[in-house]
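Architecture at a glance
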Amino acid sequence: MSGYKQAQEAILGAILVDSKNVMPLVADKLTANFINPECERVFAACLSLFQEQKHIDVITVLDRLGDESYQAYLVQLVESLPSVHGLGEYIRIVSEESRRANAVSRLGVALTRLQSGEPLEDVQNAIVLTAQSMSGHESSSVTAADGFLLVVDSLGKPRRYIGTGFRKLDSL
């Protein structure tokens, strides 16, 4: 978790520098991934401005926050931005650490449920959901084995092609 806070701050700095290009990339991916309360509050302000299609910069975010104590922090976010080119990696770090923290939380709940005497099957289902969230496939119901079988099944079926209107080309 060493670079996690720095990655969050780099993303926020990138938003403040280039919100038109950065916010569409992060708005859906990172909505619940800011664990640091200060970063979470700044991101929430940026997100609400983005959803209202308003300009995002230090001044508008500071106004949205309604707290002058954030001014130095917002300026620091812009000044300490390592590089906008590293944004993909920063997003990966924040997403991964958020999934890790979420998994730890869910496993703690599962352990408490197990210790309180809840049915083992219910606790196992909670742990399966935790494993799925760690892999980033929480809503997917297709297992690797099912996916493999789907691919194998499709290999045996003849493929349909759209005709081009050129007889020689269509006969290939």
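An account of the accompanying structure is given in this report. (Residues numbered from 1 in each chain as written. Predicted model: local features only at pLDDT ≥ 70, side-chain atom pairs only at ≥ 80, totals over all residues. Heavy atoms only, no water.)

A short note on the pattern of salt bridges
- For the structure on display, the rule yields nine salt bridges.
- Two residues, glutamate 89 and arginine 92, come together in a salt bridge whose shortest N-O distance is 2.5 Å. Here the residue glutamate 89 and the residue arginine 92 both occupy positions in helix α6 (residues 87-115), the gap between them amounting to three residues, near one helical turn.
- Assessed through its relative accessible area of 40%, glutamate 89 is described here as partly exposed.
- The salt bridge partner of glutamate 118 is arginine 113, with a shortest N-O separation of 2.9 Å.
- Overall, arginine 113 belongs to the partly exposed group, its relative accessible area being 23%. (Salt bridge = Lys/Arg side-chain N within 4 Å of Asp/Glu carboxyl O. Helix = DSSP H or I, 4+ residues; strand = E, 2+ residues; numbered from the N terminus. Buried < 20%, exposed > 50% of the residue type's maximum accessible area, 1.4 Å probe, protein only.)

What about unusual backbone geometry?
- For glutamine 53, which is not glycine, the phi dihedral falls at a positive 55°.
- The topology assignment puts glutamine 53 in the loop between α3 (37-51) and α4 (58-65).

Observations concerning the packing of helix α2 (residues 19-26) against α3
- Direction vectors running N to C along α2 and α3 enclose 105°, while the axes themselves pass 11 Å from each other. In terms of orientation, α2 lies roughly perpendicular with respect to α3. Each of Met23, Pro24 and Val26 in α2 lies in contact with α3, whose residues at this interface are Phe43, Cys46, Leu47 and Phe50.
- Class assignment for the residues of the contact of α2 with α3 results in seven nonpolar, no polar and no charged. (Axes fitted to C-alpha atoms, helices over the stretch in contact; angles between N-to-C directions. Parallel < 35°, antiparallel > 145°, perpendicular 65-115°, else oblique. Contact = heavy atoms within 4.5 Å. Nonpolar A, V, L, I, M, F, W, Y, C, P; charged D, E, K, R; others polar.)

A closer look at the environment of alanine 27
- Mapped onto the secondary structure, alanine 27 falls in the loop between α2 and α3.
- In this structure, the C-alpha to C-alpha distance between alanine 27 and phenylalanine 43, residues 16 residues apart in sequence, is 9.1 Å.
- Contacts of alanine 27, omitting those with residues within four sequence positions, involve Phe43, Leu47 and Phe50.

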